[in-house]
Amino acid sequence: MADHITVSRDLFDEVMVPNYAPGPIVPVKGQGSRVWDQEGKEYIDFAGGIAVTALGHCHPAMVKALQDQSEKLWHVANVLTNEPALRLAKKLTDLTFADKVFFCNSGAEANEAAFKLARRYGYDRFSEQKNEIVSCKRSFHGRTLFTVSVGGQLKYREGFTPAPEGIKHGEFNDLESIRALVGDNTCAIVVEPIQGEGGIVPADKAFLEGLRQLATDHQALLVFDEVQSGAGRTGSLYAYQHYGVTPDILTTAKAMGGGIPIGAMLVSDAYAKHLAIGTHGSTYGGNPLACAVAEAVMDEISSDAVLSGVRQKHQLFKEHFNQLQSEFDVFTEVRGEGLLLGIELAEAWHGKAKDFVNAALQEGVMILVAGPNVLRFAPSLIIPDEDIQEGVNRLRRAIERVVAA
Ligand SMILES: *Cc1c(COP(=O)(O)O)cnc(C)c1O
């Protein structure tokens, strides 16, 4: 019986596949931007479950949406449509360039749909040869075999070959390097407007504009992976709006569900038709429960109040980080937009980002890494200013701890 099981971090090593290395505590409760572990110790959440909990934990609008829908209808699969999915799709198309939406359960699946659509587009409109995908080094697009193949980090593909073919990687923010790879057989150019896992590196506006032109010139689709940069994170609803460069396909997940598993591929009418009946699908994609919660989340985060709040809180974080820098001199750069922030560690601390994360956890603040040299912050978009202040106080003690070690 479940009652007799001692649930602790140790149980992880006993019963879980060892592909993760979770920290030493087990969270049991969250409210707003605070989380509590099994011992009752409280943490400030600057991690947001990796850029997911956009409204913090257990936001009343989300709880209500979940509770209401949970008493109505959970699942019918895509043999029938449902009201929450249609409402959410209508909102997403009203709020963006897109005319059509495909729902799925994660960022990787949204990208999988985008890449498959791009290949179908090449196949339907041109020939089987128009199948090449051009992507960027250091990019991250998910962990399925297709998405690790399009992703620009070798370590995620290692040992999983043979991988899908026809994928090339150029340098991010180097238009000429991408131009050299794009040709008549290119069906898609894929880019994160802000590289997340790759170290919180924003694209230059001119780079995205150049990709837009390249894609148009070669009749390739421009795909923006906004799984991390989207859904309010940058202070615009989607980063493409911030840049003023419109893709043909946009993928979104993470914050759009605020914690419920959902992803979506957004696309214009001109290309949606290439995922014709029977070409693609997902049993859970667009299920009423997830869509009802995501609708509540998108209603909140698309408001001017939340989006302008993100830009204000960005400034507040930056001021705090500059202050910490003047005290400790351990950073070289603070990067990012809105509430997707990265701190590049100075050379003496390269490879030690994880030490800062561990010390922060001990001091009661949850932060993330983005590679070995970058500290990443992706808190709730509505994190109270007092929680930012308190989290930074704890971060200061964590930095003192690491520097003294
Ligand atoms: C997290 C992430 C993904 C993968 O999303 P999952 O929900 O983990 O499958 C894809 N692209 C980017 C840019 C991401 O940050």
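A few points on the structure. Just so we're clear, the structure is a prediction, and the values are computed from it rather than from any experiment.

What counts, and where the lines are drawn
- Residues numbered from 1 in each chain as written.
- Predicted model: local features only at pLDDT ≥ 70, side-chain atom pairs only at ≥ 80, totals over all residues.
- Heavy atoms only, no water.
- Near = heavy atom within 4 Å.
- Polar contact = N/O pair within 3.5 Å; in protein donor to acceptor, adjacent residues only side chain to side chain.
- Areas by Shrake-Rupley, 256 points an atom, 1.4 Å probe, with all protein chains shown as cover.
- Helix = DSSP H or I, 4+ residues; strand = E, 2+ residues; numbered from the N terminus.
- Nonpolar A, V, L, I, M, F, W, Y, C, P; charged D, E, K, R; others polar.
- Pairing = 2+ DSSP bridges.
- Axes fitted to C-alpha atoms, helices over the stretch in contact; angles between N-to-C directions.
- Contact = heavy atoms within 4.5 Å.

## A few points about the site of the ligand
In the region of the ligand, the neighbouring residues are Ser-106, Gly-107, Ala-108, Asn-111, Phe-140, His-141, Gly-142, Glu-192, Asp-225, Val-227, Gln-228 and Lys-254. Between the ligand and Gly-107, the relevant distance is 2.8 Å, taken from an oxygen atom to a main-chain nitrogen or oxygen of the residue. Within the backbone of Ala-108, a nitrogen or oxygen atom sits 2.8 Å from an oxygen atom of the ligand. Protein chains bury 82% of the 380 Å² of accessible surface belonging to the ligand in isolation. If one sorts the elements of the shell around the ligand by residue count, helix α5 (residues 107-125) sits on top with three residues. Residue composition of the shell around the ligand, by class: three nonpolar, six polar and three charged.

## What about the sheet that holds strand β6 (residues 167-170)?
Strand order in the open sheet formed by seven strands is β4-β12-β11-β10-β7-β5-β6, and the pairing between neighbours is mixed. At either end of the open sheet lies a strand with only one pairing partner, and these are β4 (100-104) and β6. Each strand axis lies, on average, 20° off the axis of its neighbour in the sheet, ignoring direction. Sheet topology note: the strand β11 (residues 249-252)/strand β12 (residues 263-267) ladder contains four bridges and is antiparallel. Of the residues in β12, the one forming a bridge with Ile-249 is Val-267. On the sheet, helix α4 (residues 83-95) packs against β4 and β12 and is oriented at approximately 130° with respect to β4.

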